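For reference, the chains in residue letters:
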Amino acid sequence: MENVIESRQAFFNLGPSERLDGWAIRNVDLTDIDFGGRHLEATAVSRAGLVRSRFGGCRLRGSSFQASSMRGASFRKSQLSEVSFVNCELIEADLSDATITRLELFESRMTNSRFTGSSLLVSTFQACDLYGVDFSGGTLMRVKFGTAKGQNAELSNTRFEGALLMDVNLRGANLFRASFRNACLVRVNLRDANLVEADFSGAVLLENDFTLADLDRAKLP
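Position labels on residues start from 1 in each chain and follow its written sequence. Note on the predicted model: pLDDT of at least 70 is required for a residue's local features to be given, and 80 or more for side-chain atom pairs to be given and counted; whole-chain, interface and lining totals, by contrast, use all residues. The side-chain quantities take in all heavy atoms of the structure and omit both hydrogens and water.

(A) The arrangement of the side chain of R38 in detail. Tracing the backbone through its elements, the reader meets R38 in the loop between β2 (24–26) and β3 (39–41). The buried label applies to any residue whose accessible area, calculated with a 1.4 Å probe on protein chains only, is under 20% of its type's maximum; exposed applies above 50%, and partly exposed to all values in between. Under this rule, positive means Lys or Arg and negative means Asp or Glu; His and the chain ends count for nothing. Just to be clear on terms, a salt bridge is a Lys or Arg side-chain nitrogen sitting within 4 Å of an Asp or Glu carboxyl oxygen. E18 provides the closest opposite charge to the buried, unpaired R38, separated from it by 5.6 Å. A polar contact of 3.0 Å, which involves the side chain of R38, links it to the backbone oxygen of G15. Should any heavy atoms of two residues lie within 4.5 Å, those residues are counted as being in contact. Here R38 is in contact with F11, L14, G15, P16, S17, E18, L20, C58 and R59, once residues within four sequence places are set aside. Helix numbers and strand numbers start at the N terminus; a helix is a DSSP run of H or I with at least 4 residues, a strand a run of E with at least 2. Residues adjacent in sequence count toward polar contacts only when both atoms are side-chain atoms; beyond that, a polar contact is any pair of N or O atoms within 3.5 Å, and within protein one must be able to donate a hydrogen and the other to accept it.

Structure representation (structure tokens):
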């Protein structure tokens, strides 16, 4: 029998540390709910209201979130492995100081969200709105910022200050006024990127590809 949460009361009926492995959470408003460090393995979340929900300290593995509203949700200091977000609203979400591996985000809005101090490995952002996202102080390795066909990845006003970027694919991305101050970029693909007014002050640049990138008014190290 499938374990399903379809009401707030069903959530409150859970034990204080009960795991949600294999559960389904769907068609329910869980605004401001605190998941309190629970484990969510292979948890399927769909069409849920998770505005300002708190997943701080949680361990999520193999879980999926679809068509859910998660504005202001917090995953601070959580562990995410093989987690996917599809068509979700993650505006102003907080994923700072998190350990993230094989994260997949598709067609999700992440305006002004935060990954500060996070470790982000082998992950994909596909056709996401990343305007103003803050990756400062984080580590990004083998991360790909992809696009919908015929469009550019939207990363205007993003911040990578003091971050380490290694083998990151930002080809064709719109990085207008992005800040890479004091960052270290190693083998980053910036071919065809829009880097107008981008700031690389104090950055360390090693073996990166800037072919045909627009560096008009950019501040170089």
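(B) Region of interest: the sheet that holds strand β12 (residues 124–126). Being paired, for any two strands, means DSSP has found at least two bridges between them. Across the sheet, eight strands lie side by side as β1-β2-β4-β6-β8-β10-β12-β14; this open sheet has parallel pairing. The open sheet has two free edges, formed respectively by β1 (4–5) and β14 (144–146), since each of these has just one partner strand. Taken together, the three bridges between strand β10 (residues 104–106) and β12 define a ladder with parallel strand orientation. Bridge pairing in β12 links E104 to T124.

(C) Summary view of the pattern of salt bridges. Inspection of every chain in the model, using the stated rule, returns 16 salt bridges. With a closest N to O distance of 3.8 Å, D192 and R171 form a salt bridge. Of this pair, D192 sits in the loop between β16 (184–186) and β17 (204–206) while R171 sits in the loop between β15 (164–166) and β16; the two residues are 21 residues apart in sequence, bridging distant segments of the chain. Taking the relative accessible area as the measure of exposure, D192 reaches 36% and is therefore partly exposed. Among the ionic pairs, R177 bridges to E197, the shortest N-O distance being 2.7 Å. Of this pair, R177 sits in the loop between β15 and β16 while E197 sits in the loop between β16 and β17, and the two are 20 residues apart along the sequence. Several salt bridges share partner residues, and in doing so they unite R177, E197, D216 and R217 into one network.

(D) Seen up close, the packing of aromatic side chains. Pairing of aromatic rings covers Phe, Tyr and Trp, the last through its six-membered ring, and needs centres within 6.5 Å; plane angles under 30 degrees mean stacked, over 60 mean edge-to-face, and all others mean tilted. A full pass over the atoms with the stated rule returns 17 aromatic pairs. Each ring, one from F115 and one from F125, has its centre 5.9 Å from the other, and the planes form 80°; the classification is edge-to-face. On the criterion of sequence distance, the pair formed by F115 in the loop between β10 and β11 (119–121) and F125 in strand β12 is long-range, its members being 10 residues apart. For F115, a relative accessible area of 2% gives the class buried. One aromatic cluster is present, built from ring pairs that chain together F115, F125, F135, F145, F160, F180, F200 and F210.

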